[in-house]
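Each chain, written out:
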Amino acid sequence: MGEPPTDDALVIQESLERPETFARLYDRHAAEIHRYVLRRLGDSHADDITAQTFLIAFRNRARYDLARASARPWLYGIAGNLIGSHRRSEVRALRALARTGVDPVAESWSERADERVTAEASQQALAGAIAALPAKDRHVLLLVAWADFTYQECADALGVPVGTVRSRLSRARRKMRKALGADPTLVSDHNGAVTHG
């Protein structure tokens with residue numbers, strides 16, 4: 001039977017003849033997509049959106065660009081479109097987090113009470129700032145921050161030029177710094193290096 005294909009394009013191509021092989025793509029990426037959707041929309045939508053993402057991908061696999069070895073941006077693009085239809089829920093959840101400081105998705109990363117108070121205050125401000133971003137800017141920011149996408153992966157996922165991704169991310173970062181009271185002269189690039197703007 002041989003070694004199974006290691007890149008996603010080969011799996012998708014093989015699935016055109018043997019549909020059951022598409023399950024490998026699900027095995028590779030479903031947990032990551034689920035985590036991303038969970039962070040964006042909460043537990044009530046994560047399972048459904050993840051399942052819909054892979055159902056849509058399966059149905060559209062014949063149109064996949066086999067020149068792209070990784071299906072990750074394609075899958076995130078599908079998930080992002082589905083998330084877009086739930087955008088109002090996302091903004092409501094972020095605003096609730098901003099008001100209450102209670103994140104129903106992620107547990108506090110701090111175990112000490114004094115650090116927990118600081119973390120909750122930071123989460124509130126961060127959630128409020130994220131909720132206030134325009135949807136397109138918010139989507140790029142969260143793909144970079146929560147899915148660890150490169151600019152090119154964001155561009156592929158959203159079907160926009162890399163320059164558009166850069167400008168949306170720059171605009172989102174500028175608005176986040178302003179909303180959070182950070183030094184506006186500091187700019188953090190994608191690799192985490194801090195430069196003066």
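Being a predicted model, the structure only gives us computed values, none of them experimental. (Residues numbered from 1 in each chain as written. Predicted model: local features only at pLDDT ≥ 70, side-chain atom pairs only at ≥ 80, totals over all residues. Heavy atoms only, no water.)

Quick word on the overall build of the chain
- Within the chain, the secondary structure is distributed over nine helices and two strands.
- In sequence order, the chain lays out its α and β elements as α-α-α-α-α-α-α-α-α-β-β.
- Counting every atom, the chain has about 11,200 Å² of accessible surface; 53% of that belongs to carbon and sulfur. (Helix = DSSP H or I, 4+ residues; strand = E, 2+ residues; numbered from the N terminus. Areas by Shrake-Rupley, 256 points an atom, 1.4 Å probe, with all protein chains shown as cover.)

Here's the deal with the layout of surface pockets
- Here the second largest pocket is characterised by a volume of approximately 300 Å³.
- Along the walls of the second largest pocket sit 20 residues, with Gly-77, Gly-80, Asn-81, His-139 and Leu-158 positioned nearest its centre.
- Elements represented by at least two residues in the lining of the second largest pocket include exactly α4 (72-84), α5 (87-100), α7 (135-146) and α8 (151-158).
- Among the elements that make up the lining of the second largest pocket, the one with the highest residue count is α4 (eight residues).
- When its residues are assigned to classes, the lining of the second largest pocket shows seven nonpolar, six polar and seven charged. (1 Å grid on protein atoms, 1.4 Å probe; cavity = no way out; pocket = protein on both sides within 12 Å on 5 of 7 lines; lining within 4 Å. Points joined across faces, edges and corners; volume = space filled by probe spheres on them. Nonpolar A, V, L, I, M, F, W, Y, C, P; charged D, E, K, R; others polar.)

Thoughts on helix α2 (residues 23-41)
- The sharpest bend along α2 measures roughly 50° and falls at His-29.
- Looking only at α2, the buried set comprises Leu-25, His-29, Ala-30, Ile-33, Tyr-36, Val-37, Arg-40 and Leu-41.
- Directly after α2, the chain includes Gly-42, whose backbone phi takes a positive value near 90°. (Bend = angle between axes of the 7 residues up to and from the residue. Buried < 20%, exposed > 50% of the residue type's maximum accessible area, 1.4 Å probe, protein only.)

Re the pattern of salt bridges
- According to the stated counting rule, one finds nine salt bridges in the structure shown.
- Note that Arg-68 is salt-bridged to Asp-65, the shortest N-O span being 3.7 Å.
- The residue Arg-171 makes a salt bridge to Asp-137 at a minimum N-O spacing of 2.8 Å. Taken together, the residues span a long stretch of sequence, with Arg-171 in helix α9 (residues 162-180) and Asp-137 in helix α7 at a distance of 34 residues.
- The structure contains a network of salt bridges with shared partners spanning Glu-14, Arg-18, Glu-20 and Arg-24. (Salt bridge = Lys/Arg side-chain N within 4 Å of Asp/Glu carboxyl O.)

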